[in-house]
Amino acid sequence: MLVASFWVVPIFSSIVWMAMLITMLVYWSTKGHPIFPTMANGQTIAYISDIGAQNLKPMFIAMSAVTVVTFNLAFICERYLRHAGKLAPNTSIWQKIYSLLSIIAAIVGAVGLILLTIFDNYHHSRMHNICLAIFIIGYIVSAIFICWEYQRLGIHYRQHSILRISFWVKLAFIIAEICLCIVFGVTQKYKYWNVAAVFEWIIAFVYTWYVLSFFIDFLPAVRGKHHQSYQTEMQMAEEGGPQPRTMGDGAAESQQYFRGQSANAVPHVNGNGRVTDGYTNGYASGEPGQNFYPNANGYNKQYPKPEAPLPSRNF
C-alpha cells in the first residue's frame, strides 16, 4: 500500500460504520417503529442490538467486522509509519510500549464487537452484554494508551502541532465516551429503557467520529516523492549535512579569480585581522607593516607593494 493512501483507511472504516447505523435507523423508521421481541416492557425506542438481531443481522455482522478490522489496520499502519520515519518517530521505548498496548486493546475491542453481533441479545442475552462491555472497554483503553503516546511525542516534537490536535481529539473521545457509558449504565440499571437506547445510539455515533479522527495522524505521511522523511531530516541535521545555497553564490564564485586562476574559497579574516581571499600567490598577505594596492589586471585584489630597486654602481 502506498504511503499516500494510508489516510484512506480510517475514513473508509468510519464510513462503513456510519452507513450501517443510518441503514438500521432508516429500516426501523420505515417499518413504523416496530416493537421487537427483544425490547423490554414500556420500551419504544429500539437499541442497535434490537434491530441487529432481526432481519438485518447479516449486515450487522458483516459491516461491524469490516469496520473494526480496517480500523485496527489503521493502528498497525500508524505504528509502521512511525517506525519507518514517515511520521515523527518514537523517542523512547515506553512510547513504543504504549503504541503496542493500544493495538492489543483495539484488537480485544474488535473481537468483542464481532462476537456481540454474532451472539445477539435475542438468543444469547448474557453473552451479548459481556461482549458489549469488552467492545467498549477495549477501545477506551486503546484510546488511553494512544493518547498517552501522543502526549509524550508532543513534548519532544513541539513543532508538530498535529500531534497536539490528535492528542486533544482522542482525549475528548475518552472523556465523552466514559461519561456517556456511565449514563447508559445507570439508565439501564434503573430501567429507563428509552433513555438508555438514546444514549447507546449517541455512543455509537461518537465512536464514528473517533475512527474518522485517525486520518489526521496520517496527514504528515502524505508527502511528495521528493520530500524527505522525518528520520532523514533528523539524520542530516545531526551529521551536519549540506546547507541550502543562498542567492548570489554563483556570482561570487565566478568573480573569484586571480591571475587567471579560479577559486572557490570565500573571503575570511586571518589571524592578523586582515581580509584575505584564499590565495597566497607567493606573498604573505597578512604580514603587518605592508602596503596593499590593486593589481595591474584590474581585479580588486591586494598584494604587497614591491620594494624599490637597489641603486646601480659603476665598477
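If you're wondering where the values come from, they're calculated on a predicted model, not measured in any experiment. (Residues numbered from 1 in each chain as written. Predicted model: local features only at pLDDT ≥ 70, side-chain atom pairs only at ≥ 80, totals over all residues. Heavy atoms only, no water.)

The subject of this paragraph is the pattern of salt bridges. Close approach of charged atoms allows side chains of opposite charge to pair. Inspection of the entire model under this criterion finds 4 salt bridges. Glutamate 78 is the salt-bridge partner of arginine 82, the closest N and O atoms lying 2.7 Å from each other. You can see arginine 82 and its partner glutamate 78 sitting in helix α3 (residues 57-84), 4 residues apart, about one turn around the helix. Of the two residues, arginine 82 and glutamate 78, neither departs from the other in class, the shared state being buried. One salt-bridge network, held together by shared partners, links Glu78, Arg82 and Glu149. (Salt bridge = Lys/Arg side-chain N within 4 Å of Asp/Glu carboxyl O. Helix = DSSP H or I, 4+ residues; strand = E, 2+ residues; numbered from the N terminus. Buried < 20%, exposed > 50% of the residue type's maximum accessible area, 1.4 Å probe, protein only.)

Moving on: the confidence of the model for the chain. Residues shown with low pLDDT carry predicted positions that ought not to be read at fine detail. Of the residues in the chain, 69% have a pLDDT of 70 or more, and the chain-wide mean is 77. This model gives residues 224-269 a pLDDT under 50, and the stretch forms 54 contacts once residues within four places in sequence are excluded. Taken together, the stretch residues 271-293 has pLDDT below 50 and engages in 47 contacts with residues farther than four places along the chain or on a different chain. (pLDDT = per-residue confidence, 0-100. Contact = heavy atoms within 4.5 Å.)

By the element assignment, glutamine 43 lies in the loop between α1 (8-30) and α2 (48-52). Take glutamine 43: its relative accessible area is 3%, and that puts it in the buried class. Among the polar contacts made by the side chain of glutamine 43, one reaches the main-chain amide nitrogen of alanine 40 at a distance of 2.9 Å. For glutamine 43, the side chain forms a polar contact with the side chain of aspartate 50, separated by 3.2 Å. Glutamine 43 has contacts with Ile35, Asp50, Trp193 and Asn194, leaving out every residue within four places of it along the chain. (Polar contact = N/O pair within 3.5 Å; in protein donor to acceptor, adjacent residues only side chain to side chain.)

Moving on: the side chain of asparagine 121. Relative to the assigned elements, asparagine 121 resides in the loop between α4 (93-118) and α5 (125-156). Its relative accessible area of 17% is what places asparagine 121 among the buried residues. A distance of 3.0 Å separates a polar atom in the side chain of asparagine 121 from a polar atom in the side chain of aspartate 50. The contact partners of asparagine 121, leaving out residues within four places of it in the chain, are Thr38, Ser49, Asp50, Ala53 and His128.

Turning our eyes to something else, we now look at a nonpolar patch on the surface. Residues Leu101, Ile104, Val108, Met127, Ile130 and Ile134 make up a contiguous nonpolar surface patch of roughly 460 Å² in combined accessible area. Broken down by secondary-structure element, the contributors of at least two residues to the nonpolar patch are α4 and α5. When you line up the elements, valine 108 lands in helix α4. Overall, valine 108 belongs to the partly exposed group, its relative accessible area being 43%. (Patch = residues over 30% accessible without salt bridge, like charges linked within 9 Å, V, L, I, M, F, W, Y side chains within 5 Å. Areas by Shrake-Rupley, 256 points an atom, 1.4 Å probe, with all protein chains shown as cover.)

Looking now at the packing of aromatic side chains. Considering all chains together, one arrives at 18 aromatic pairs under this definition. On the numbers, 5.4 Å between centres and 75° between planes, the contact of tryptophan 17 with tyrosine 207 is edge-to-face. Placement of tryptophan 17 in helix α1 and of tyrosine 207 in helix α7 (residues 193-212) is noted, with a sequence separation of 190 residues between them. You'll find tryptophan 17 and tyrosine 207 in the same group, each marked buried. Considering the side-chain rings of phenylalanine 71 and phenylalanine 75, the 4.9 Å spacing of their centres and the 70° angle between planes classify their relative orientation as edge-to-face. With phenylalanine 71 and phenylalanine 75 both in helix α3 and 4 residues apart, this pair spans about one turn of that helix. Classification of phenylalanine 71 by relative accessible area gives buried; the value is 0%. Using a relative accessible area of 3% as the deciding quantity, one classes phenylalanine 75 as buried. (Phe/Tyr/Trp six-rings, centres within 6.5 Å; stacked < 30°, edge-to-face > 60°.)

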